[in-house]
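Residues per chain, in single letters:
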Amino acid sequence: MDTTTAQQAALTPRQRDAFLTGWAVAGLAALLPTVGLAWLVVLSGERGSRCLMYGEQCPAIPGSALYGAFWPALAAGAAALAWPRGRWTGARAGAVFVQWGAQLTLGALILAGA
């Protein structure tokens, strides 16, 4: 039987900061591998190789959309890491959420061009 209360299970502010820092670091560490692997998948397909070799059947997704997802992911991750610990934890959590949202959107945009 579980006898813990919600108050006992709550994280301390220091644990919350460590949790957010871990997710921000993980997102920044996974950003370039996400982009690289997504492009590898796209370019290994028939349409991707045809686009690479002959310039035919290239994806219609504009590069500005890709940059528009890459740079916010990078900036939000850096902001979450540079944010002072213990202050405005909700804003740091929002920055980490934006970071992961932009990163996953970027991967989906690249894969949608396949």
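Our structure is the block above this text.
Residues numbered from 1 in each chain as written. Predicted model: local features only at pLDDT ≥ 70, side-chain atom pairs only at ≥ 80, totals over all residues. Heavy atoms only, no water.

1. Considering a nonpolar patch on the surface
Okay, step 1: Residues Trp39, Leu43, Leu52, Met53 and Tyr54 make up a contiguous nonpolar surface patch of roughly 560 Å² in combined accessible area.
Okay, step 2: Broken down by secondary-structure element, the contributors of at least two residues to the nonpolar patch are helix H2 (13-44) and helix H3 (46-54).
Okay, step 3: Among the elements that make up the nonpolar patch, the one with the highest residue count is H3 (three residues).
Okay, step 4: Tracing the chain through its elements places methionine 53 in helix H3.
Okay, step 5: Since its relative accessible area comes to 62%, methionine 53 is described here as exposed. (Patch = residues over 30% accessible without salt bridge, like charges linked within 9 Å, V, L, I, M, F, W, Y side chains within 5 Å. Areas by Shrake-Rupley, 256 points an atom, 1.4 Å probe, with all protein chains shown as cover. Salt bridge = Lys/Arg side-chain N within 4 Å of Asp/Glu carboxyl O. Helix = DSSP H or I, 4+ residues; strand = E, 2+ residues; numbered from the N terminus. Buried < 20%, exposed > 50% of the residue type's maximum accessible area, 1.4 Å probe, protein only.)

2. Side note on the state of the cysteines
A disulfide bridge is the covalent bond that connects two cysteines by way of their sulfur atoms.
Okay, step 1: Under the criterion given, the structure shown has one disulfide.
Okay, step 2: Through a disulfide, cysteine 51 is tied to cysteine 58; the S-S separation comes to 2.0 Å. Taking the torsion about the sulfur-sulfur bond, which here is approximately 100 degrees, the covalent link between cysteine 51 and cysteine 58 counts as right-handed.
Okay, step 3: Accessibility expressed as a relative area gives 36% for cysteine 58, which makes it partly exposed. (Disulfide = S-S within 2.5 Å.)

3. Let's talk about helix H4 (residues 63-82)
Since the α-helix packs 3.6 residues into each turn, any two residues three or four apart lie on the same face.
Okay, step 1: A rise of 1.5 Å per residue sets the reference length of H4, with its 20 residues, at 28 Å; its end C-alpha atoms lie 28 Å apart and thus fit the reference within 8%.
Okay, step 2: All of the buried residues along H4 are Leu66, Ala69, Phe70, Ala73, Ala76, Gly77 and Ala80. Each buried residue of H4 sits inside an arc of 140 degrees when the element is viewed along its axis, so together they form one side. Opposite its buried face, H4 presents the exposed residues Ser64, Tyr67 and Ala82, each directed more than 90 degrees away.
Okay, step 3: Where H4 is buried, its residues touch H2 and helix H5 (89-112). (Expected span 1.5 Å × (residues − 1). Arc of directions from axis to C-beta. Contact = heavy atoms within 4.5 Å.)

4. Topic: the packing of H2 against H4
Okay, step 1: Relative to each other, H2 and H4 sit at 155 degrees, their axes nearing to 8 Å. The orientation of H2 relative to H4 falls into the category roughly antiparallel. Helix-helix and strand crossings are classified by hand; for H2 and H4 the assignment is left-handed. Between H2, through Thr21, Ala24, Val25, Leu28, Leu31, Leu32, Val35 and Trp39, and H4, the contact on the second element is made entirely by Leu66, Phe70, Ala73, Leu74, Gly77, Ala78, Ala80 and Leu81.
Okay, step 2: The residue inventory of the contact of H2 with H4, partitioned by class, reads 14 nonpolar, two polar and no charged. (Axes fitted to C-alpha atoms, helices over the stretch in contact; angles between N-to-C directions. Parallel < 35°, antiparallel > 145°, perpendicular 65-115°, else oblique. Left-handed = near helix turned anticlockwise from the far one by under 90°. Nonpolar A, V, L, I, M, F, W, Y, C, P; charged D, E, K, R; others polar.)

5. As for the packing of aromatic side chains
Okay, step 1: The full count for this structure, using the stated rule, is four aromatic pairs.
Okay, step 2: Taken together, a centroid distance of 6.3 Å and an interplanar angle of 70 degrees make the contact between phenylalanine 19 and tryptophan 23 edge-to-face. Pair noted here: phenylalanine 19 and tryptophan 23 are both in helix H2, with a separation of four residues, about one helical turn.
Okay, step 3: Taking relative accessible area as the criterion, tryptophan 23 reaches 42% and is therefore assigned partly exposed.
Okay, step 4: Arranged with centres 5.0 Å apart and planes meeting at 80 degrees, the rings of phenylalanine 70 and tryptophan 71 form a pair that is edge-to-face.
Okay, step 5: Looking at phenylalanine 70, the relative accessible area reads 17%, which means it is buried.
Okay, step 6: Residue tryptophan 71 is classed as partly exposed on the basis of its relative accessible area, which comes to 49%.
Okay, step 7: Put simply, the rings of Phe19, Trp23 and Trp100 touch in pairs and so form one group of aromatic residues. (Phe/Tyr/Trp six-rings, centres within 6.5 Å; stacked < 30°, edge-to-face > 60°.)

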